[in-house]
Amino acid sequence: MQKEVDTTAPFREFSEANGNYYASTFLKLQRNELSAWHLNWAAGLGSFIWAALRGNWLLFWISLAVDLIGFTNIALIYKYATAAAQATADGKDYLVTRYENWTNLHTVAAILAFVLGRLLVAWLADRLYYRQYAIWRVDRNHPSGTAMRRVLLALLVVALVAPLTLYRASQFAPDQRTCLKQARAIQDGKQVSFKDRFDCSTISEVPTLVWLKRPVQYEYPRNEDGTRSIVVREQTAKRPVNLNTYASETIDQAITYAKVFYGWFFDGITHWLRVMLNAIEAVFVGTPWPVVAGMFLLIAYSFAGPRIATFVGVSLIYIALFGFWQTGMSTIAIVVASTIICVVVGLPLGIWVGKSRRASTVVTPILDIMQTIPSFVYLLPAVAFFSIGKPPGIMATVIFSMPPMVRLTALGIRQVPESTKEAALAFGANPRQLLTKVELPLALASIMAGVNQVVMMSLSMAVVAALIGAGGLGFIVVEALQNTETGRGILAGIAIALIAMMIDRVVQKANKVEM
Amino acid sequence: MSAADSQNVVEVRGVWKIFGTRAEEAHAAIDKQSMSKAEVLDQFGAVIGVRDVSFSVDQAEIFCIMGLSGSGKSTLVRHVNRLIEPTRGQIYIQGADVGGLSSEELRALRADKIGMVFQNMALLPHRSVRDNVAFALELRNVDAYTRMQAADRVIETVHLEGYGDRMPSELSGGMQQRVGLARALAADPDILLMDEPFSALDPLIRRELQDEFLELSRSMRKTTLFITHDLDEAIRMGSRIAIMKDGEIVQIGTPEDIVTKPADDYVADFVKGISRLKLVFAHTVMKPLEQYEQTSGAIPSVDACPTADPEADLDTLVNLAVDHDNPILIMDDGRAVGVVTKDALLRGMQGET
């Protein structure tokens with residue numbers, strides 16, 4: 001008997017108020033004797049107040065959400081009942097039925113939320129409370145017992161969350177355009193009712209807080225001797241603009257300036273990208289298809305064996321039969337071009353990042369940003385500086401697919417064991433020998449994984465780049481999207497997937513063989 | 001006399017190594033008053049790796065540096081080929097100050113004069129055994145034919161014939177360390193630095209490699225710095241032993257010195273469990289003849305007694321004592337100089353002389 005009392009003592013210490021109830025409940029939980037339908041009625045009734053009192057914040061948010069759903073539905077009932085009355089007065093019968101249907105729907109939802117939701121809370125209460133106890137056993141600072149100050153905190157949260165949420169549900173919110181008109185009206189000194197202003201500033205888009213003078217716009221007309229002069233353009237609209245418009249117009253100005261005065265730089269890049277791509281396209285597109293197909297099969301067979309060669313063969317037959325050969329090859333040409341650039345730039349960069357802590361702190365965040373930005377966004381600066389066509393497509397593809405090359409090269413270099421490098425130094429290696437004879441060979445597997453990633457990412461971006469005129473299979477997909485030719489799009493999509501799988505299989509297998 | 005005239009192949013003079021950005025401040029403070037390792041760490045956030053170490057190693061000597069992990073022995077040995085720069089002190093190799101070498105001269109020294117063997121082998125996994133062994137020569141731009149010949153020769157020396165074309169991963173730990181040894185020997189260096197070469201191996205293989213290395217060392221006469229944390233190994237291998245603790249050398253001496261005359265309690269603690277049979281010699285345990293005759297009367301008769309050399313170890317003396325009842329006479333140049341009784345022998349094995 002003495003032992004029984006001892007085992008439940010911590011339960012009592014933890015729950016403080018109503019210790020006997022929790023002692024027996026927790027004991028049943030530990031013995032797997034708790035009924036599947038066990039409910040804590042106090043929690044069901046007290047809902048988030050009970051959860052706050054006990055310090056169980058997970059249950060607090062669950063029960064607050066449940067109650068808010070219930071009350072929101074009641075507010076919606078009010079909203080649509082009022083609207084229905086208005087519609088009856090206006091004689092718009094079709095609206096009356098619609099609003100009455102919605103009123104009924106939300107009535108059911110409110111009842112369900114209050115009944116089922118509260119039951120859920122009551123069911124969860126003791127189970128979550130036991131979890132809280134388990135954490136408290138390890139960390140005595142974890143909330144335990146009951147405390148009124150937690151209830152006050154909870155009420156503060158509710159006061160912040162509930163009123164506006166419920167108000168929003170009971171009203172038809174004004175749209176952004178209405179609010180923009182309202183802002184203009186206020187700027188022009190017109191009177192606007194308090195309710196409209198309140199609605200626009202709380203339950204619509206976040207109100208515009210910063211109004212700025214429109215940035216100065218410049219023009220760069222060409223002089224007779226070929227130079228450019230800088231002229232301030234006359235402003236037509238005198239209204240202040242919001243931060244978004246101000247910033248975007250400033251960026252536009254900067255890009256225009258760069259293009260006007262440093263156009264030779266971007267034109268030069270475009271030119272050399274085109275030269276490189278032409279050479280590669282000559283290989284893939286210009287060479288007769290039987291030769292290219294034969295080469296592909298041979299490469300696949302010698303690097304990756306008969307099974308993958310068979311897969312490559314089948315894929316090539318698909319591409320050929322459905323008439324994707326030339327477009328497919330031009331996509332591959334873009335992938336090859338951007339992969340070459342990525343390796344040429346990314347490998348030295350990766351070595352540098354792998355060896356220098358400072359380079360790593362500078363380059364890593366840039367790579368993070370490059371990888372987080374969605375692929376579509378890369379198209380914008382590419383078009384801005386390099387116009388449309390294949391060269392900007394390659395540019396966007398290179399930027400998109402560079403990070404894994406740098407990262408995996410750096411990782412490979414860093415993973416070379418310190419002791420191996422030390423041994424090489426002990427035998428008189430100079431820095432160049434250390435790099436070429438020890439570090440690069442040991443990092444090779446990682447570097448090749450990087451190349452594989454670059455190829456895959458280039459392919460996906462080359463398809464997206466069709467949006468800015470990079471052509472290839474992506475263009476067929478874009479066309480199909482615009483003209484709702486679903487069938488054509490799907491066939492082209494399969495061709496893209498097959499090309500991706502072919503390259504991936506061969507490169508991966510080739511890597512493994514080398515190891 | 002210049003350092004070059006002496007036969008010291010490696011000479012370490014007053015070497016200090018303090019790690020940390022505030023090493024110089026720590027040095028200045030230590031110059032004023034002596035500070036313990038913990039105090040320096042506490043005040044300057046700097047770690048004393050090596051503390052005022054001096055020693056010299058003679059031609060063809062195996063000099064063991066023995067200490068527990070963290071005692072600075074691996075740090076110390078890396079100063080010899082300047083993988084680590086000392087913060088104070090000089091190291092001379094065949095009379096040349098290593099600290100004064102340009103980076104090109106230093107690389108030449110490392111490649112031509114010093115071979116190093118590592119505890120974790122540190123072989124290049126992407127190269128065959130032969131290419132690993134030839135690595136030092138390759139770094140010196142020796143042509144492929146010559147270095148392959150040289151590599152094959154050393155591979156034979158370490159008894160790895162026929163394994164030249166295998167990859168290191170195909171070899172057992174013991175064999176990998178043979179490759180490590182072969183790599184160190186390939187450029188025929190004068191000096192070998194062995195950083196716990198056999199510690200990662202299992203006891204039988206370790207023993208085998210120790211014996212082989214001793215044999216090699218006798219025939220090749222390489223000056224060797226041998227790092228170990230195992231006193232048994234140090235005693236087996238070393239002609240002299242330096243015992244390190246907290247970056248300092250506590251005692252330098254022959255194995256017998258260390259075992260019979262430990263400098264302090266720390267060393268005494270170490271040598272407690274060491275078998276003295278092969279380390280203590282007759283001259284240490286014998287009683288001079290005159291002294292013996294004063295206390296115990298004349299010796300029975302020279303012919304009736306077993307005789308031994310002053311350099312005979314206890315093991316030999318035990319064998320003699322088992323076969324005879326009379327005390328053992330120690331003869332030097334055909335003249336009896338001392339007597340070892342059974343009591344003295346037993347006490348000698350215990351460590352009391």
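Residues numbered from 1 in each chain as written. Chains lettered and ligands numbered in written order. Predicted model: local features only at pLDDT ≥ 70, side-chain atom pairs only at ≥ 80, totals over all residues.

1. Quick look at the overall build of chain B
Quick note on the threshold: Each helix is a run of DSSP H or I of at least 4 residues and each strand a run of E of at least 2, with the numbering of both proceeding from the N terminus. With C-beta atoms placed from the backbone, a residue is buried if 20 or more other C-beta atoms are within 10 Å of its own, exposed if 12 or fewer are, and partly exposed between those counts.
In terms of helices and strands, chain B carries 16 helices and 14 strands. Structurally, chain B occupies a C-alpha span of about 75 × 60 × 40 Å along its principal axes. In chain B, which comprises 353 residues, the proportion classed as buried is 42%.

2. Some points on the overall build of chain A
Stated formally: With C-alpha atoms as the basis for the radius of gyration, the globule rule is written as 2.2 Å multiplied by the number of residues raised to the power 0.38. Residues are treated as contacting if the C-beta atoms built from their backbones sit within 7 Å of each other.
When its secondary structure is counted, chain A shows 20 helices and four strands. Expected size for 515 residues packed as a compact globule is a radius of gyration near 24 Å; at 34 Å, chain A overshoots this value by more than 25%. Viewed in the frame of its principal axes, chain A has a C-alpha envelope of about 80 × 75 × 50 Å. The buried share of chain A, taken over its 515 residues, is 29%. Of the contacts formed within chain A by residues at least 6 apart in sequence, a portion of 72% connects residues at least 24 apart.

3. Details of the confidence of the model for chain B
Residue and element names in this part refer to chain B. What counts, and what does not: pLDDT runs from 0 to 100 and stands for how confident the predictor is about each residue.
Mean pLDDT over chain B stands at 88; residues scoring 70 or higher make up 97%. When the criterion is pLDDT under 50, residues 1-5 qualifies, and its contacts beyond four places in sequence or with other chains add up to seven contacts. In the predicted complex, the global pTM is 0.77; the interface-specific ipTM is 0.84.

4. A word on the sheet that holds strand β1 (residues 8-19) of chain B
Residues and elements named next belong to chain B. Put simply, the test is: Whether two strands pair depends on DSSP finding at least two bridges between them.
Sheet architecture is open: four strands sit in the order β2-β1-β4-β5, paired in antiparallel fashion. The strands lining the two open edges of the sheet, one partner per strand, are β2 (47-58) and β5 (96-97). By the bridge criterion, two bridges tie strand β4 (residues 88-93) to β5 in an arrangement that is antiparallel. In the strand pairing of β5, Tyr92 is matched with Asp97.

5. With respect to the interface of chain B and chain A
Short version of the rule: Under the scheme applied here, ten amino acids are nonpolar (Ala, Val, Leu, Ile, Met, Phe, Trp, Tyr, Cys and Pro), four are charged (Asp, Glu, Lys and Arg), and all others, including Gly, are polar.
Taken together, the contacts link 16 residues of chain B with 14 residues of chain A. Elements supplying a minimum of two residues to the side of chain B that touches chain A: α4 (103-112) and α6 (135-139) of chain B. Per-element accounting of the side of chain B that touches chain A gives the leading share, four residues, to α4(B). Classifying every residue of the side of chain B that touches chain A by side-chain character gives ten nonpolar, three polar and three charged.

6. A few points about the nonpolar core
Generally speaking, a soluble globular protein has its nonpolar side chains buried in company with each other. Put simply, the rule is: By definition, a nonpolar core groups buried Ala, Val, Leu, Ile, Met, Phe, Trp, Tyr and Cys residues that are joined through C-beta atoms within 7 Å.
The biggest cluster of nonpolar side chains holds 105 residues, and the ones touching the most others in it are Val133(B), Ala182(B), Ala186(B), Leu225(B), Leu317(B) and Val340(B). At seven residues, helix α8 (residues 173-186) of chain B tops the list of elements feeding residues into this core. Discounting chain neighbours no more than four positions away, the residues touching Ala186(B) are Val133(B), Ala134(B), Ala136(B), Leu137(B), Ala150(B), Ala151(B) and Val154(B). Membership of the second largest hydrophobic core comes to 63 residues, among which are Ala333(A), Ile334(A), Val454(A) and Val477(A).

7. Overview of the domain arrangement of chain A
Threshold: Residue ranges assigned to each domain were obtained from an automatic or database domain assignment.
Under the domain assignment used here, chain A contains domain 1 (2-170), domain 2 (176-207), domain 3 (218-261) and domain 4 (266-514). Taking the mean C-alpha position of each, domain 2 of chain A and domain 4 of chain A sit 51 Å from one another.

8. Comments concerning the sheet that holds strand β8 (residues 223-228) of chain B
All names here are of chain B. Formally: Axes here mean lines fitted to C-alpha atoms, for a helix over just the part in contact, with angles spanning 0 to 180 degrees between N-to-C directions.
If you trace the six strands from one edge of the open sheet to the other, you get β6-β7-β8-β3-β9-β10, paired in mixed fashion. Pairing within the sheet leaves two strands with one partner each, and these edge strands are β6 (114-117) and β10 (248-253). On average, each strand axis in the sheet is tilted by 15° relative to the strand beside it, whichever way the strands run. Where strand β7 (residues 191-195) meets β8, five bridges bridge the pair, whose relative direction is parallel. Among the inter-strand pairings, Met194 is bridged to a residue of β8, identified as Phe226. On top of the sheet, helix α3 (residues 73-80) reaches β3 (62-66), β7, β8 and β9 (240-245); it is set at about 155° to β8, its chief contact.

9. Let's talk about α8(B)
Residues and elements named next belong to chain B. Definition in use: The span you would expect from a helix comes to 1.5 Å times its residue count less one.
Helix length check: α8 (14 residues) gives 20 Å between terminal C-alpha atoms against 20 Å at 1.5 Å per residue, within 8%. Most of α8 is tucked away: twelve of the 14 residues are buried. By the burial criterion, the buried members of α8 are Met175, Gln176, Gln177, Arg178, Val179, Gly180, Leu181, Ala182, Arg183, Ala184, Leu185 and Ala186. Contacts made by the buried residues of α8 are with β6, α5 (129-133), α6, α7 (144-157), β7 and α9 (203-220). Following α8 by one or two positions, Asp188 has its phi on the positive side, about 50°.

10. Some remarks on the domain arrangement of chain B
As assigned here, chain B comprises domain 1 (57-84 + 97-271) and domain 2 (282-350). The centre of domain 1 of chain B, based on its C-alpha atoms, is set 40 Å off from the matching centre of domain 2 of chain B.

11. Some details on the packing of helix α15 (residues 375-386) of chain A against helix α16 (residues 390-415) of chain A
Residues and elements named next belong to chain A. Counted only if it meets this: Should an angle lie under 35 degrees it is considered roughly parallel, over 145 roughly antiparallel, and from 65 to 115 roughly perpendicular; all remaining angles are considered oblique. The sense of a crossing depends on the near helix, which, turned anticlockwise from the far helix by less than a right angle, makes the crossing left-handed and, turned clockwise, makes it right-handed.
Between α15 and α16, the shortest axis-to-axis distance is 9 Å and the interhelical angle comes to 135°. Our classification of the angle between α15 and α16 gives oblique. Considering only the axes of α15 and α16, their crossing is right-handed. Taking contact as the criterion, the partners of Ser375, Tyr378, Leu379, Ala382, Val383 and Phe386 in α15 are, on α16, Pro391, Pro392, Met395, Ala396, Ile399 and Phe400. Among the residues forming the contact of α15 with α16, the class breakdown is eleven nonpolar, one polar and no charged.

12. A closer look at the environment of Ile30(B)
Along the polypeptide, Ile30(B) turns up in helix α1 (residues 23-32). Along the sequence, Ile30(B) and Val40(B) sit ten residues apart, while their C-alpha atoms lie 8.4 Å from each other.

13. What to know about unusual backbone geometry
Positive phi outside glycine occurs at Ser387(A), with the angle close to 60°. Of note, Ser387(A) is situated in the loop between α15 and α16. The partly exposed category is assigned to Ser387(A), around which 15 C-beta atoms lie within 10 Å. Positioned with a positive phi, Asp52(B) is a non-glycine residue whose angle comes to about 45°. Examined against the element boundaries, Asp52(B) turns out to sit in strand β2.

14. Description of helix α14 (residues 357-372) of chain A
Residues and elements named next belong to chain A. Basically, it comes down to this: In this scheme, the bend at a residue equals the angle between the axes fitted to the seven residues that finish there and the seven that begin there.
For α14, spanning 16 residues, the distance from its first C-alpha to its last is 22 Å, which sits close to the expected 22 Å at 1.5 Å a residue. Within α14, the axis deviates most sharply at Val363, by approximately 30°, and proline Pro365 lies no more than four positions further along. With one of 16 residues buried, α14 is to be regarded as a mostly surface element.

15. Looking at the packing of helix α17 (residues 418-426) of chain A against helix α18 (residues 431-464) of chain A
Residue and element names in this part refer to chain A. α18 packs onto α17 with a crossing angle of 160° between their chain directions and a minimal axis gap of 10 Å. With respect to each other, α17 and α18 are oriented roughly antiparallel. As for how α17 packs across α18, the hand of that crossing is right-handed. When α17 is examined against α18, the residues Thr420, Lys421, Ala424 and Leu425 are found in contact with a partner set consisting of Leu434, Val438 and Leu442. Of the residues contributing to the contact of α17 with α18, the split by class is five nonpolar, one polar and one charged.

16. Points about the pairing of strand β13 (residues 328-332) of chain B
Residue and element names in this part refer to chain B. Worth spelling out the cut-off: A clockwise path from the first strand over the helix to the second, with the strands pointing away from the viewer, defines a right-handed crossover.
Alignment of strand β12 (residues 307-308) against β13, held across two bridges, turns out to be parallel. Residue pairing across strands places Ala308 opposite Ile330, the latter belonging to β13. On the question of chirality, the crossover connecting β12 to the parallel β13 by way of helix α15 (residues 314-323) is right-handed. Here five bridges tie β13 to strand β14 (residues 335-340), and the two strands are oriented antiparallel to one another. The partner of Ile328 across the bridge, within β14, is Val340. Where β13 folds back onto β14 in an antiparallel hairpin, the turn is made up of two residues, including Asp333, whose phi is positive at roughly 55°.

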